[in-house]
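Summary of the model geometry
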Amino acid sequence: MNRKVTKAIFPVAGLGTRFLPATKSIPKEIMTLVDRPLIQYAIDEARAAGIKEFIFVTSRGKGALEDYFDHAHELENTLRKAGKDDLLELLRQTNMESGAIAYIRQHKAMGLGHAVWCARRLIHDEPFAVVLTDDVVMGEPPCLQQMIEAHAETGGSMVATMEVPLEKTKSYGVLDVAEDMGAIVRAKGMVEKPKENPPSNLAVIGRYILAPTVMENLNKLKQGAGGEIQLTDAIADEIEEGRDVYGLRFRGQRYDCGSKAGFLQATVAFGLARDELKDEFAEYLHDVMAMRKAAE
Ligand code: G1P
């Protein structure tokens, strides 16, 4: 029986320079798709997957992110007095239990692997999840839950993966496939952002379930692609050392909310998924496209 995954690390220390000037004063994780900040999507997905402890790796200037998880007592009282039960319920759903959240500071931007390593003292001998909030995944069941279910069968470490055009592989961690079992592949290697000769077109997206030995590999603090300490390298070391690493072809759509184009696509997709918005919004999009066509 594989151990249950109850802890998740959320590396949220990044500066978000691609979204300047907005990120001058707000953390990018607070940017909203429709009406929910990116971090809320990540938390909801983790909770649905049974995560109980949420570890945020933050940095200077992320105060608004920490405040976001405080209970808004004054606001709740006002809503209660005004009889706005629906809004109260909405806030209640986002409240986190005291003690369920931990914040660790990454003092220097040294890469994703380094950010995860900063949380090492909170991870013991259990497998843990890593969720990158830039990657928003629309899927049912949610992506992390699909992974936890698959991981309960396979054990080892697991990354979420999707097929991308070969020329796009240089933006991702890429799997070298040993065995393709359909939804699940077993990896014989993993390369971070290969400049040439990608081992496959299976890209890693920001959802991981990792064996505790990955933290030991991160202890080596080895510099990888871009001079950074890469999570991908620490996972590849698992394979070198004879432990299993799997990729799960998750069911769902991933949006790269770390890029402007991806963020806009996600806004459209999540807008169209809302019952209260979808008709009006779809009609608007339709009209915009028709006007574009007519102008051509
Ligand atoms: C990170 C990982 C990369 C992964 C990607 C998914 O890269 O290092 O392996 O494929 O997330 O979004 P980043 O996009 O942060 O450069």
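Residues numbered from 1 in each chain as written. Predicted model: local features only at pLDDT ≥ 70, side-chain atom pairs only at ≥ 80, totals over all residues. Heavy atoms only, no water.

- As named in an unreviewed UniProt entry, the protein chain is UTP--glucose-1-phosphate uridylyltransferase, taken from Paracoccus niistensis.
- On record in UniProt, under Sequence similarities (unreviewed entry), the comment for the protein chain is "Belongs to the UDPGP type 2 family."
- Of the comments in the UniProt record for the protein chain, the one headed Catalytic activity (unreviewed entry) reads "alpha-D-glucose 1-phosphate + UTP + H(+) = UDP-alpha-D-glucose + diphosphate". (UniProt positions renumbered as here; feature names shortened; annotations may be inferred.)

1. Considering the overall build of the protein chain
- A count of helical and extended segments in the protein chain gives ten helices and 13 strands.
- The globule rule puts the C-alpha radius of gyration for 296 residues at 19 Å, and the 20 Å found for the protein chain is close to it.
- C-alpha extents for the protein chain along the principal axes are approximately 60 × 55 × 40 Å.
- Going through the 296 residues of the protein chain one by one, you find that 47% of them count as buried.
- Total accessible area on the protein chain is roughly 15,600 Å²; 52% of this is exposed by carbon and sulfur atoms.
- For the protein chain, the distance from the average site of its 37 positive side-chain charges to the average site of its 44 negative ones is 5 Å. (Helix = DSSP H or I, 4+ residues; strand = E, 2+ residues; numbered from the N terminus. Rg over C-alpha atoms; globule rule 2.2 N^0.38 Å. Buried < 20%, exposed > 50% of the residue type's maximum accessible area, 1.4 Å probe, protein only. Areas by Shrake-Rupley, 256 points an atom, 1.4 Å probe, with all protein chains shown as cover. Lys, Arg positive; Asp, Glu negative; His and termini not counted. Charge placed at Lys NZ, Arg CZ, Asp CG, Glu CD.)

2. Here we look at unusual backbone geometry
- In the segment running from Leu 20 into Pro 21, the intervening peptide bond is cis, with an omega of 5 degrees.
- Turning to its location among the elements, Pro 21 is positioned in the loop between strand 1 (7–11) and strand 2 (32–33).
- For Leu 221, which is not glycine, the phi torsion reads 45 degrees and is therefore positive.
- On the basis of relative accessible area, Leu 221 is assigned to the partly exposed category, the value being 32%.

3. Re the side chain of Asp 135
- Turning to its location among the elements, Asp 135 is positioned in strand 7 (residues 135–138).
- Here the side chain of Asp 135 touches Gly 206 through a polar contact of 2.6 Å, landing on its backbone nitrogen.
- Sequence-distant contacts of Asp 135, defined by excluding residues within four places in its chain, comprise Ile 205, Gly 206, Arg 207, Arg 254, Tyr 255 and Asp 256. (Polar contact = N/O pair within 3.5 Å; in protein donor to acceptor, adjacent residues only side chain to side chain. Contact = heavy atoms within 4.5 Å.)

4. Description of the pattern of salt bridges
- As enumerated under the stated definition, the model contains 20 salt bridges in all.
- Note that Lys 220 and Asp 237 form a salt bridge whose closest N and O atoms lie 3.1 Å from each other. With a gap of 17 residues between them, Lys 220 in the loop between helix 7 (213–218) and helix 8 (231–240) and Asp 237 in helix 8 connect regions that are remote in the sequence.
- A residue is classified by how much of its surface remains accessible, and Lys 220, at 43% relative accessible area, is partly exposed.
- Through salt bridges with shared partners, one network takes in Lys 220, Lys 222, Asp 237, Glu 238, Glu 241 and Arg 243. (Salt bridge = Lys/Arg side-chain N within 4 Å of Asp/Glu carboxyl O.)

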